[in-house]
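Fold and contact review
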Amino acid sequence: MVRAIYPGTFDPITNGHLDIIERASLLFDEVHVIVAINSKKQTLFSIKEREDLVRQCTQEWKNVRVSSHEGLTVEAAEKNGARVIIRGLRAVSDFEYEFQMALMNKKLRREVETLHLMSSEKFTYITSSLIRDLVSLGADVSEFVPALVEQSLKSRLLGKSP
Ligand code: COA
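Summarised in this report is the structure supplied together with it. These numbers come from a predicted model, not from an experiment.

**Let's talk about the overall build of the protein chain**
When its secondary structure is counted, the protein chain shows six helices and five strands. Counting from the amino terminus, helix and strand elements in the protein chain follow one another as β-α-β-α-β-α-β-α-β-α-α. What you see for the protein chain is a C-alpha radius of gyration of 15 Å, in line with the 15 Å of a compact globule of 162 residues. With respect to the principal axes defined by its C-alpha atoms, the protein chain has extents near 45 × 30 × 30 Å. Taken across its 162 residues, the protein chain has 43% of its residues classed as buried. Sequence separation of 24 or more characterises 73% of the internal contacts of the protein chain that already satisfy a separation of 6 or more. As presented, the protein chain carries roughly 9,300 Å² of accessible surface, and 52% of it is formed by carbon and sulfur atoms. Computed over 22 positive and 22 negative side-chain charges, the inter-centroid distance for the protein chain is 4 Å.

In structure tokens, the structure reads:
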């Protein structure tokens, strides 16, 4: 059984993240999506809200699990019995940060490998903060996030109930 974790802030989850999760679910026996509790990052959605959104958006994939974690990502890998950390690479600009994280994680735990999946072309320019900005300015984001996430964003940012 080869298990991988896919860590991130997911504030909120986007179709770009879902593209990575779906592809990883075809490569590994199990993929555990780890919603990071990061006190340094001010988030729009609480940890429970982010986790619930990820869970609802990934329920069609039977080998995908969702949980939250505070602390080192390599510890989340250990806790979940995973040997692989999945990260998406959207553009060259992601590379330096991802390279640094992968090397640091390797330094912390030699046995854990980081595997990068290239984002599908249509999702290379999406970020959660860009989506939040678009929604708050009234733009249509239905192409970039599941309907459930769009409704949650509208409700939180514009006070619109579904
Ligand atoms: N599609 C769309 N957007 C994506 C994406 C994809 N495939 N992959 C990343 N993004 C976006 C996110 O939406 C987010 O956007 P935002 O900044 O506008 O909100 C941004 O890229 C950052 O992505 P995220 O995956 O959430 O990374 P992060 O920088 O917040 O890192 C952890 C999350 C949990 C992996 C990292 O903080 C970590 O490892 N923390 C634990 C501490 C630790 O172990 N440190 C040692 C290792 S250095």
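After presenting the structure, the write-up continues.
**What to know about the site of the ligand**
In the vicinity of the ligand there are 23 residues, among which T9, T73, Y97, S128 and S129 approach most closely. Interatomic distance of 3.5 Å between a side-chain N/O atom of H17 and an oxygen atom of the ligand. Between S128 and the ligand, the recorded distance is 2.7 Å, taken from a side-chain N or O atom to an oxygen atom. Within the complex, the protein chains bury 81% of what would otherwise be the 940 Å² of accessible surface of the ligand. Among the secondary structure elements, those contributing two or more residues to the shell around the ligand are strand 1 (3–8), helix 1 (15–27), helix 4 (92–108) and helix 5 (128–136).

**Focus on the environment of L27**
One can find L27 in helix 1. Residues L27 and E150, 123 residues apart in the sequence, show an inter-C-alpha distance of 29 Å.

**Quick look at the environment of V54**
Position of V54 among the secondary structure elements: in helix 2 (residues 47–57). Relative accessible area serves as the criterion here: at 0%, V54 is assigned to the buried category.

**Topic: the packing of helix 5 against helix 6 (residues 147–158)**
Running from N to C, helix 5 and helix 6 cross one another at 60°; their axes reach a closest spacing of 9 Å. Between helix 5 and helix 6, the angle is such that the two are oblique. Both helix 5 and helix 6 take part in a crossing whose hand is right-handed. Between helix 5, through I131, R132, V135 and S136, and helix 6, the contact on the second element is made entirely by L153, K154, L157 and L158. Per-class residue counts for the contact of helix 5 with helix 6 are five nonpolar, one polar and two charged.

**Comments concerning the nonpolar core**
By size, the foremost hydrophobic cluster in this structure holds 31 residues, and its most contacted members are I13, I21 and I86. For I21, the residues in contact, after removing those within four places along its chain, are Y6, I13, V33, T58, W61 and V64. Judged by nonpolar contacts, the second largest core, of eight residues, contains I34, V74, A77 and V112.

**So, the packing of aromatic side chains**
The tally for this structure, following the rule as stated, stands at three aromatic pairs. With a centroid separation of 5.2 Å and an interplanar angle of 15°, the aromatic rings of F95 and F99 are classed as stacked. In this pair, F95 and F99 both sit in helix 4, four residues apart, roughly one turn of the helix. For F99, a relative accessible area of 45% translates into the label partly exposed. Judged by centre distance (6.0 Å) and plane angle (85°), the ring pair of Y125 and F144 falls under edge-to-face. You can see Y125 sitting in the loop between strand 5 (113–118) and helix 5 and its partner F144 sitting in the loop between helix 5 and helix 6, a full 19 residues away along the chain. For Y125, a relative accessible area of 48% puts it in the partly exposed group.

Cut-offs and rules
- All residue numbers refer to position in the chain's written sequence, counted from 1.
- Local features in this predicted model are restricted to residues whose pLDDT is 70 or higher, and side-chain atom pairs enter the listing and the counts only when it is 80 or higher, whereas totals over whole chains, interfaces and linings include all residues.
- Calculation of side-chain values draws on the structure's entire complement of heavy atoms; hydrogens and water are dropped beforehand.
- In DSSP terms, a helix is any run of H or I states spanning at least four residues, a strand is any run of E spanning at least two, and both are numbered starting from the N terminus.
- Radius of gyration here uses only the C-alpha atoms, and the compact-globule reference equals 2.2 Å multiplied by the residue count raised to the power 0.38.
- Any residue under 20% of the maximum accessible area for its type is buried, any over 50% is exposed, and the rest in between are partly exposed; the area is computed with a 1.4 Å probe on protein chains only.
- Contact criterion: two residues are considered in contact whenever any of their non-hydrogen atoms come within 4.5 Å of each other.
- Only the protein chains shown count as covering a residue, and every accessible area follows the Shrake-Rupley method with a 1.4 Å probe.
- Counting rule for charge: Lys and Arg are taken as positive, Asp and Glu as negative, and neither His nor the chain ends is counted.
- The atoms used to mark charge sites are NZ of Lys, CZ of Arg, CG of Asp and CD of Glu.
- For each residue, the test is whether any non-hydrogen atom lies within 4 Å of the molecule or strand; if one does, the residue is near.
- Under the rule applied, a polar contact is a pair of N or O atoms within 3.5 Å (in protein, one hydrogen donor and one hydrogen acceptor; residues adjacent in sequence only if both atoms are side-chain atoms).
- Helix axes are fitted only over the stretch in contact, all axes being lines through C-alpha atoms; the angle between N-to-C directions runs from 0 to 180 degrees.
- Here the angle decides the label: under 35 degrees means roughly parallel, over 145 means roughly antiparallel, 65 to 115 means roughly perpendicular, and every other value means oblique.
- Take the far helix as the reference: if the near one is turned anticlockwise from it by less than a right angle, the crossing is left-handed, and if turned clockwise, right-handed.
- As a working rule, the residues Ala, Val, Leu, Ile, Met, Phe, Trp, Tyr, Cys and Pro are called nonpolar, Asp, Glu, Lys and Arg charged, and the rest polar, with Gly in that last group.
- Residues belong to one nonpolar core when they are buried, are Ala, Val, Leu, Ile, Met, Phe, Trp, Tyr or Cys, and are joined through side-chain atoms within 4.5 Å.
- Only Phe, Tyr and Trp rings are paired, with Trp represented by its six-membered ring, and only when their centres lie within 6.5 Å; those with planes under 30 degrees apart are stacked, over 60 edge-to-face, the remainder tilted.

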